[in-house]
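Topology and contacts: notes
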Amino acid sequence: MDHHPIPADENEMTSTSPQMQMRRNKLSSHFQGDIDDDGGVGVVDIRGSPMGSAELARTGGWVAAVFIFGNEMAERMAYYGLSLNMVIFMFNVMHRPFAASANAVNNFLGISQASSLLGGFLADAYLGRYWTIAAFTTLYLLGLVALTLCATMPALQAPGQDECDGFAKLLGKCQQPHPWQMAYLYAALYTTALGAAGIRPCVSSFGADQFEERSPVLDRFFNLFYLAVTVGAIAAFTLLVYVQRNHGWAAAFGALALAMAASNALFFMGTPLYRHRVPGGSPLTRVAQVLVAAYRKRHIKHTTELLYEVGGAKSAVRGSGKIEHTEELRWLDKAAVRVEGQEEINNPWRLCTVTQVEEVKILVRLAPVSACTVMLSVVLTEFLTLSVQQAYTLNTRGLPVACMPVFPCLAILLLLALYYRAFAPLARRLTGHPHGASQLQRLGLGLLLSTLSVAWAGLFERYRRAYAIRHGFLPLFLTPMPGLSAYWLLIQYCLIGLAEVFCLVALLEFLYQEAPDAMRSLASAYAALAGGLGCFLATAINTAVDSITGDIDAGRPSWLAQNINVGKFDYFYWLLAVLSTINLIVFIYFAKAYKYRIKPPTTPHN
């Protein structure tokens, strides 16, 4: 090791001159000024006051978590409801081309997830998770109300509704909406996207805050949290479809607004029961300070200097406990090196604490693991549209095609119900892990199942297209083939559903437990950011494949031709399988290299 160990207290630094000791005391006082009275990581009430044992006894736990689950359930119902119905609404009511409608909704999905970094930043830096959720869930409700008005008031819809039949819509012959009408619709849609961006990175972390640090029930909390997500999705794919088909668009969007209003009321009702964590100030500023300080000292060596940390039990970062020094990414350590003879008091852009440096290291180490879930989001996004197109050509036995995405949700429900009774005991015997598998092991299993899902989808699509050609359905891509059941799609649906629950539940748990105390919302936003990037990447892959494989002048349809029977969806699925396999290999590399902040507990093999 080419540098000295970190002193437990600033009094242990090498120099003991009175002048140097005075400067160190002043420096320590500068950092200590931002530490809250409870040590930086204690639980506080809504006013920011530390909670006593009596308050802790009557707050938090599963009772408080129930109120948070309700908010997430309604948010997911609205999210999936809009992703499922907005393309059809824009096509039928606003008379927009199908491709333009699909791109607008993909952008909505991507923005609502990718911009979750904003919500995570505000929660960690200034507002705290409770007030961030409160503000953005209200914004979400306003967006849903605006969409309901668009579906209710003819003045906000494209003109000529009565004169536009289905054939005219397909040919693009209907009257187009006025620019101000589309501006209103996009403003309402992206208001809901911004609302979701503020809620998503905070809800799971705020729910986990209701339990003790490193609580053994946290894995159960994240499983139940994802159960709430799944129930919201099921409601969107069943109840909302029923309301829309039988009562119209106004009733469907109004149902989403009412559900969100009810969940908001439920969330605010639980306010006296919540535990809160202290915002730690701008995490991006602290990251920038570390990078700038490390760059300024890039030429110094560790051999004659000590890494700086404030004395005592408290951290210099408000809302965070101290983090032990690690040997990884050692070039960042230079930000915490105290250079003798240079005045650095009151200048965190020149000297940072070890804890602040370790925060940046953790964010860097978490990024590759989260990035490997982008490919899962690509597969989920593609299935949302491609598998529905497959279903239109198959015999659904009376089940509306729009309800087909409910099957992955049912697979998730089944897995969550059997996880602790079947999977965990079996996996525990193989791994010795008390929860059956570590977070990274579950992530890897999810990515493997995702790869298998698209590989199977490619095999089945090859059979489906050959069946359509043999039986004369080549031009009839919107006509169900009575001899081929849509329930063959259940295999790929179940595989992707299992992949989703293994991967995303483990990712939420992993990010919460591994993240720095004062950056948990920002770290949780990594999951949503990966989801948003997956939506954008799916659009980019579609555009590239369509451009490369199709040639209109030569009469060669692309793999993603509108007529699925002349396209090559099977080739596209296999392309996704190849990309997913490469992604899985990359994930295995990073997972094997990753070191948990706290070693996972193990139990003896049976």
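Residues numbered from 1 in each chain as written. Predicted model: local features only at pLDDT ≥ 70, side-chain atom pairs only at ≥ 80, totals over all residues. Heavy atoms only, no water.

Naming follows an unreviewed UniProt entry, where the protein appears as Major facilitator superfamily (MFS) profile domain-containing protein of Oryza nivara. If you open the UniProt record of the protein and go to Sequence similarities (unreviewed entry), you find "Belongs to the major facilitator superfamily. Proton-dependent oligopeptide transporter (POT/PTR) (TC 2.A.17) family." Listed in UniProt under the heading Subcellular location (unreviewed entry), the comment for the protein reads: "Membrane". (UniProt positions renumbered as here; feature names shortened; annotations may be inferred.)

**With respect to the overall build of the protein**
When helices and strands are counted, the protein shows 18 helices and two strands. In the protein, buried positions account for 56% of the 606 residues. Sequence separation of 24 or more characterises 83% of the internal contacts of the protein that already satisfy a separation of 6 or more. A total of about 25300 Å² of accessible surface is found on the protein, and carbon and sulfur atoms cover 65% of it. (Helix = DSSP H or I, 4+ residues; strand = E, 2+ residues; numbered from the N terminus. Buried < 20%, exposed > 50% of the residue type's maximum accessible area, 1.4 Å probe, protein only. Contact = heavy atoms within 4.5 Å. Areas by Shrake-Rupley, 256 points an atom, 1.4 Å probe, with all protein chains shown as cover.)

**Examining the packing of helix α15 (residues 439-470) against helix α16 (residues 490-514)**
Two elements in contact, α15 and α16, have axes whose closest approach is 7 Å; the angle formed by their N-to-C orientations is 155 degrees. One element, α15, and the other, α16, form an angle in the roughly antiparallel class. Between α15 and α16 lies a crossing whose hand is left-handed. Partitioned by chemical class, the residues of the contact of α15 with α16 number 19 nonpolar, six polar and two charged. (Axes fitted to C-alpha atoms, helices over the stretch in contact; angles between N-to-C directions. Parallel < 35°, antiparallel > 145°, perpendicular 65-115°, else oblique. Left-handed = near helix turned anticlockwise from the far one by under 90°. Nonpolar A, V, L, I, M, F, W, Y, C, P; charged D, E, K, R; others polar.)

**Remarks on the pattern of salt bridges**
Pairing of side chains with opposite charge becomes possible as their charged atoms draw close. The tally for this structure, following the rule as stated, stands at 18 salt bridges. Across the pair aspartate 570 and arginine 462 runs a salt bridge, and its minimum N-O distance is 3.6 Å. Here aspartate 570 is found in helix α18 (residues 569-593), whereas its partner arginine 462 is found in helix α15, with 108 residues between them in sequence. Salt bridges linked by common partners bring Glu72, Glu75, Arg76 and Arg200 together as one network. (Salt bridge = Lys/Arg side-chain N within 4 Å of Asp/Glu carboxyl O.)

**Quick word on the nonpolar core**
Counting residues in each nonpolar core, the largest one holds 161 residues, and the members touching the most others are Met86, Phe89, Leu144, Leu366, Leu440 and Phe510. Per-element accounting of this core gives the leading share, 16 residues, to helix α3 (residues 61-92). The residues that make up this core include at least three from each of domain 1 (43-278) and domain 2 (359-596). (Core = buried A, V, L, I, M, F, W, Y, C linked by side-chain atoms within 4.5 Å. Domains from an automatic or database assignment.)

**Digging into empty space enclosed by the protein**
Applying the stated rule across the entire model yields three cavities of 30 Å³ or more. A volume near 760 Å³ is recorded for the largest cavity. Elements that contribute at least two residues to the lining of the largest cavity include exactly α3, α4 (98-114), α7 (179-208), α8 (218-237), α13 (374-392), α14 (406-431), α16 and α17 (520-549). Counting residues per element, the lining of the largest cavity draws most heavily on α13, at seven residues. Taken together, the residues of the lining of the largest cavity sort by class into 25 nonpolar, 10 polar and four charged. (1 Å grid on protein atoms, 1.4 Å probe; cavity = no way out; pocket = protein on both sides within 12 Å on 5 of 7 lines; lining within 4 Å. Points joined across faces, edges and corners; volume = space filled by probe spheres on them.)

**Let's talk about the side chain of threonine 148**
The topology assignment puts threonine 148 in helix α5 (residues 116-152). In this view, threonine 148 contacts Ala250, Phe253, Gly254 and Ala257; residues no more than four positions away in its chain are not counted.

**Quick look at the confidence of the model for the protein**
Residue-level pLDDT values for the protein average 81, and 88% of them are 70 or greater. Here helix α1 (residues 18-32) is the element of the protein with the lowest mean pLDDT, 39, and α18 is the one with the highest, 94. Segment residues 1-40 is flagged for pLDDT under 50; beyond a separation of four residues in sequence, or across chains, it makes 87 contacts in the model. With pLDDT under 50 throughout, residues 602-606 is counted as low confidence; its partners more than four residues away or in other chains account for 11 contacts. (pLDDT = per-residue confidence, 0-100.)

**Side note on the packing of aromatic side chains**
For the coordinates displayed, the defined rule picks out 32 aromatic pairs. Geometrically, the ring pair formed by phenylalanine 121 and tyrosine 126 is edge-to-face, given 5.9 Å between the ring centres and 80 degrees between the ring planes. What makes phenylalanine 121 buried here is its relative accessible area of 17%. Its relative accessible area of 53% is what places tyrosine 126 among the exposed residues. An aromatic cluster is defined as three or more aromatic residues linked by ring pairs; in this entry it consists of Trp62, Phe69, Phe211, Phe221, Phe222, Phe225 and Tyr512. Here the guanidinium or amino end of arginine 76 rests over the ring plane of tyrosine 79, the centre of that ring lying 4.2 Å away. Looking at arginine 520, its charged tip hangs above the ring of tyrosine 512, at a distance of 4.4 Å from the centre. (Phe/Tyr/Trp six-rings, centres within 6.5 Å; stacked < 30°, edge-to-face > 60°. Lys NZ or Arg CZ within 6 Å of the ring centre and 35° of its normal.)

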